[in-house]
Each structure stands twice: as C-alpha cells, then as structure tokens.
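# Commentary on secondary and tertiary structure
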Amino acid sequence: MKKRIRFIFGILLLVAATMALYTVLTIQNNVKQMNTEASQTSPYFPEYPAVNTQGKNPALVKRGEYLTKAGDCITCHTNTPEKGAVFAGALPMHTPFGTIYSPNITPDKETGIGNWTEEQFITAMTKGISPQGHYYYPAFPYYYFSKLTHDDLIAIKAYLDSIPAVHEESRKNEMMKPFNLRFLQLGWREMFFRSQELQGYKPDAKQTTSWNRGAYLVEGLGHCAMCHSPSYHILTQSLPLGAPIKKYNLTGAPIQGYLASNISQSHLASISEAEIVKVFTEDRLIGGGKVKGPMLEVNHDSLRYLSHDDLYAIATYLKSVKSVTPSKSSVAPGATIYEGYCASCHALGIGGAPKFGDPAAWDAILKAKVDGVYANVIHGMGGMPAKGTCLSCSDADIKQAVDYMLSAARGETGTQ
Ligand code: HEC
Ligand code: HEC
Ligand code: HEC
C-alpha cells in the first residue's frame, strides 16, 4: 500500500514536471534572472543585530547566535538588495518554477514567528512542515537542517526570540501553476526527502571528534551541498529540483552564474586544511583568485564568524568526502557550462537557438570560421545573449562550451 502511495505521488510530481515543459519560456526567463542577479548586485553583508536577553538564558542565546551564523540564516532571511531589516525576510528567490519570498523569522507575534512553540519550530526546521501543516519548498534547506540536534534547534530558537521584532508581512510567493500547490511537494518529499528524514546526524565512531563536527556543519547547518552538489533535474541542469544527488556529494554545480567548485576529496586531497580555511577567512580560492558571488556571502555572513577549530573541522571533513565524480561528459568544463547556462535555450532550440545535437541546425555554423562563432557567442548575436548569460565565464570557458556544442553537432558527443 505504502509503495503504491509513493508511486502515485511520484507520478503527480512527474505530471507537474511535464507541465513545466510547456512553460519553458517563462522558466527560461527566470533562469536568466537567476544567472544574472548575482553578478549585478554589489556585495552587501547585513549586520547581526544586538540581542535582548532579558528573562532569557544568555548562554543559550549566545550558543544559538553562533549556530544561526553557522546556518547562514541571515543571507536568505534578509532582503539585502533593498537593505531590508535583518531576519525580516522578503528576499526574492528565483527558482525555475517561480519566485519564492523568504518569510519574516523575527519574534514579531503577528508577522514573524514570535508565537511559535519550540515544537513547531523543530517541526518546521527538521520536517519542512509549517504550524498550519503546509509543506515548505526545498528553497528552505530543511532537507539539511533535519540533521540538527534538538538541543541546537532550541538554542537557535532562543536566539531568534531575542533579536528585534520587525513588523513586516511576509510577501506572497509567485510560483507558476502547478508549483503553487504546496501539496505537490508531497511528491518531492516522497522521492527525495523520505530517506533523509528522521535520520538526524549519526556520528561516525571510527572518525575523530573534529571530523564529526565538520561533517555535522557541512551536511547539516552549513547546507553546503545545496550549492556544491549536482541536483536531480528535469531535462537539463538548468531546471534543478533542489535535491542533491548523494553519490555526487559536493562534486560541484552551477549556481547563479557561478560554478560552485568541487569541494570533495577528488579536488581537495592534496590541499592542506590551512589553505582550505583561507578560502573562508581570506576569500582566497584554492588556485589563487578572489572568492566571488554567493560564496562571498557565505564567507561574510556565516563562515567568518566560526571558530578556527570549526573551520578546520570543516576542511578536515571535506578532504575525506569520497564521491563518485559525475560521468565524463558532464564534468568536462564545456559540458558543465552548457548544462548550466546554454541548455535552457539550446536543448529544445527555443527562439531560433540551434538545437543541441541537431546536425541540420548546425550545418552552416560548422562551415563558418570557428573564431567568428566564438566571437558571436562572446559578444552576443540576435536572440543569443552575450556569453549566453554566463557573465562569470571567461572567454576560454565559453570557447569550451562552444566546442562541446560543435562536437555534439558533428555527432562526436553522446547527447544527453
Ligand atoms: C537558502 C535560503 C535559506 C536559508 C539558508 C535559510 N532559510 Fe529559512 N526559509 C527559506 C525560505 C525560502 C522559506 C520559505 C519556504 C516556503 O515558503 O515554502 C524559509 C522558511 C523558514 C521558516 C518558516 C517560517 C514561516 O513563517 O513559516 C523558518 C522558521 C526558517 N526558515 C528558519 C530558518 C533558520 C533558523 C535558518 C538558519 C539555520 C534558515 N531558515 C536558513 C530560505 C532559507
Ligand atoms: C549559496 C551557494 C553556496 C553555498 C551555500 C556554499 N558555497 Fe562554497 N562556493 C560557492 C561558489 C559559487 C563557489 C565558487 C566561488 C568563485 O568562483 O568565486 C564556492 C567556492 C567554495 C570553495 C573554494 C573552492 C576552490 O577550489 O577554491 C570552498 C572550499 C567552498 N566553497 C566551501 C564551502 C563550504 C564548506 C560550504 C558550506 C559551509 C559552502 N562552500 C557553501 C557557492 C556556495
Ligand atoms: C536565451 C537563449 C540562449 C542562451 C541562454 C544561449 N543561447 Fe546560444 N543562441 C541562441 C540563439 C537565439 C541563437 C541564434 C542566434 C542567431 O542566429 O541570430 C544562438 C546561437 C548560438 C551559436 C551559433 C552562433 C553562430 O555563429 O551562428 C552558438 C555556438 C551558441 N549559440 C552557443 C551558446 C553557448 C555556448 C551558450 C551558453 C554559454 C548559449 N549559446 C546560450 C540563444 C541562446
């Protein structure tokens, strides 16, 4: 019986997914917005507010503050583009299926979560279910927070109860049909969350305390895989379903016009813990170069506040993560960029874009001088936006993506 229910919800999700294909143009627009927004907004890092611990346990509030910082709650729950009040929500988050606004999580009793009980808070954070019984979207990382201990959650709640209350109504989500129907999240939950739920974090007795602390921070509070793991997707990586593929844990994925690097053992084995910690404390990428985009926010809003021991623990854990590296065609840089930025138009041949792998559509392009083709893509032509919206891509990155598309047109690469 259970199996059957699971199957039915799976089908419901797939129906929803199929309907999404008919609205691909809307999606494409949203993807474009997702891909460009990070590069347009100049970095602004909200400040943590002063707390009022009157009538509360100050030590618990302090611990909660540290954990809230490790969870990077402030980045999503503050409307930074409009310099909104901290933790008052209203940050628009563009998903391929529409826009979600983060809610107000200040202790205001009417518009925030001031009336919530500890139990309601724990259910929201670990099960993704609201006090009214609604299912949250996976844009709220409850998938990861389900690993948190109840003690830690109680501390986070104590902290959130002691920050300034802001009276600000949460904004209404603008999700496309049928994704506006929250019950459809049941399909998602059945397919991706069920096996994760209720597991909590299980320490590995064979590992050190530091390793276990690192694993708890990375896989739980820090929700690093939300950006750093390839997600299950519909059709192309530019339509992610917000569910990490566990076997590819932390092997890298495109996000908001950037590539969140592979941070598993296959990339970090020979890098020292100290050098990894410098990524967080000095904004320095492993190969040199400055950390940019969403990771800069993670560093400044979250990781910068953590103790050296915790950052070292994170580095220790990352170096040990053994994941399957995704199949060759999707790790080739050209393929990754194609999947992340170009497929939204080229997979189906939308708006006159030559369709991926279709020899007829590419015939004339294959006969043209390749330098001219590169230039057309880098500078844009007709309906083809400059760099195909990948503003963080270098010219060399774009050439690799073009090469990948050209070889597919010649029938040299398996289409997928
Ligand atoms: C990646 C962005 C993101 C991060 C990080 C994040 N949240 Fe959220 N959170 C959301 C979104 C989006 C929603 C609304 C989901 C929906 O409407 O289905 C939400 C909802 C919530 C809710 C439910 C509020 C309500 O009114 O129903 C609570 C409580 C919450 N978050 C607390 C936290 C805490 C505590 C942290 C840090 C430990 C955190 N969130 C980190 C995006 C985020
Ligand atoms: C909101 C998305 C996001 C989240 C969450 C996130 N990262 Fe990142 N991370 C990125 C992006 C994007 C880059 C690449 C930055 C660049 O190219 O400038 C990156 C880069 C890195 C790097 C540098 C790798 C290198 O080769 O130089 C490390 C290490 C890293 N992240 C670790 C983490 C850890 C640990 C967490 C969780 C605590 C985390 N990240 C959470 C998006 C994210
Ligand atoms: C918003 C939709 C869109 C995106 C995203 C997009 N393209 Fe295009 N692309 C087009 C369209 C439309 C054309 C046809 C332009 C024309 O012929 O005027 C095109 C044409 C091309 C061509 C042929 C150029 C020529 O000389 O005729 C190449 C190669 C190409 N795109 C590569 C890419 C790459 C690489 C990316 C990702 C980095 C990308 N595209 C992203 C819409 C898109």
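Attention here is on the structure that accompanies the text.

The rules we used
Residues numbered from 1 in each chain as written. Chains lettered and ligands numbered in written order. Predicted model: local features only at pLDDT ≥ 70, side-chain atom pairs only at ≥ 80, totals over all residues. Heavy atoms only, no water. Donors = N, O, S within 2.8 Å, 3.2 Å for Na, K, Ca; no water. Tetrahedral: all angles 85-135°; square planar, octahedral: opposite > 155°, others 65-115°. Helix = DSSP H or I, 4+ residues; strand = E, 2+ residues; numbered from the N terminus. Buried < 20%, exposed > 50% of the residue type's maximum accessible area, 1.4 Å probe, protein only. Near = heavy atom within 4 Å. Polar contact = N/O pair within 3.5 Å; in protein donor to acceptor, adjacent residues only side chain to side chain. Nonpolar A, V, L, I, M, F, W, Y, C, P; charged D, E, K, R; others polar. Phe/Tyr/Trp six-rings, centres within 6.5 Å; stacked < 30°, edge-to-face > 60°. Lys NZ or Arg CZ within 6 Å of the ring centre and 35° of its normal. Salt bridge = Lys/Arg side-chain N within 4 Å of Asp/Glu carboxyl O. Axes fitted to C-alpha atoms, helices over the stretch in contact; angles between N-to-C directions. Parallel < 35°, antiparallel > 145°, perpendicular 65-115°, else oblique. Left-handed = near helix turned anticlockwise from the far one by under 90°. Contact = heavy atoms within 4.5 Å.

### Section: the coordination of the iron atom of ligand 3
Each protein donor to the iron atom of ligand 3 is listed here as His 346 (NE2) and Met 384 (SD); together their distances run 2.0 to 2.1 Å. Taken together, the six donor atoms coordinating the iron atom of ligand 3 and their angles of 87 to 179 degrees define a geometry best described as octahedral. Separated by 38 residues along the polypeptide, His 346 in helix H16 (residues 333-346) and Met 384 in the loop between helix H18 (370-379) and helix H19 (395-409) bring together distant segments of the chain. The same class applies to His 346 and to Met 384, which are both buried.

### Things to note about the site of ligand 2
Cys 224, Cys 227, His 228, Ile 286 and Met 295 are the nearest of the 24 residues found near ligand 2. In this structure, an oxygen atom belonging to ligand 2 sits 2.7 Å away from a main-chain N or O atom of Ile 286. Note that an oxygen atom of ligand 2 is positioned 2.8 Å from one of the backbone N or O atoms of Lys 292. Only helix H10 (225-228), strand E7 (258-260), helix H12 (273-282), helix H13 (293-301) and helix H14 (308-320) provide two or more residues apiece to the shell around ligand 2. Tallied by class, the residues present in the shell around ligand 2 amount to 18 nonpolar, four polar and two charged.

### Considering the packing of aromatic side chains
Enumeration over the complete set of coordinates arrives at 15 aromatic pairs. Measuring from ring centre to ring centre gives 4.3 Å for Tyr 338 and Phe 356, while their planes differ by 25 degrees; the resulting arrangement is stacked. Here Tyr 338 is found in helix H16, whereas its partner Phe 356 is found in the loop between H16 and helix H17 (359-367), with 18 residues between them in sequence. Taken as a pair, Tyr 338 and Phe 356 share a single burial class, namely buried. The cationic tip of Lys 69 hangs over the ring face of Tyr 48; the distance from NZ or CZ to the ring centre is 4.9 Å. Across the ring face of Tyr 44, the terminal group of Lys 83 is positioned such that the distance to the ring centre comes to 4.8 Å.

### What to know about the pattern of salt bridges
A complete count under the given rule lists nine salt bridges for this structure. Put simply, Asp 283 and Arg 304 hold a salt bridge, and the shortest N to O gap is 3.2 Å. With a gap of 21 residues between them, Asp 283 in the loop between H12 and H13 and Arg 304 in the loop between H13 and H14 connect regions that are remote in the sequence. For Arg 304, a relative accessible area of 31% gives the class partly exposed.

### With respect to the site of ligand 1
In the region of ligand 1, 24 residues are neighbours, and Cys 73, Cys 76, His 77, Tyr 136 and Arg 182 sit closest. Within the side chain of Tyr 136, an N or O atom sits 2.5 Å from an oxygen atom of ligand 1. Tyr 137 places a polar main-chain atom, nitrogen or oxygen, 2.8 Å from an oxygen atom of ligand 1. Mapped by element, the contributors of at least two residues to the shell around ligand 1 are helix H4 (73-76), helix H5 (118-127) and helix H7 (150-160). By residue class, the composition of the shell around ligand 1 is 18 nonpolar, four polar and two charged.

### Describing the packing of H12 against H14
The N-to-C vectors of H12 and H14 enclose an angle of 120 degrees; their axes lie 9 Å apart at closest approach. For the element pair H12 / H14, the angle class is oblique. Considering how the two elements wind past one another, H12 and H14 form a crossing that is right-handed. In this structure, H12 uses Glu 273, Ile 276, Val 277, Phe 280 and Thr 281 to contact H14, whose residues at the interface are His 308, Leu 311, Tyr 312, Ile 314, Ala 315, Thr 316, Leu 318 and Lys 319. Of the residues contributing to the contact of H12 with H14, the split by class is eight nonpolar, three polar and two charged.

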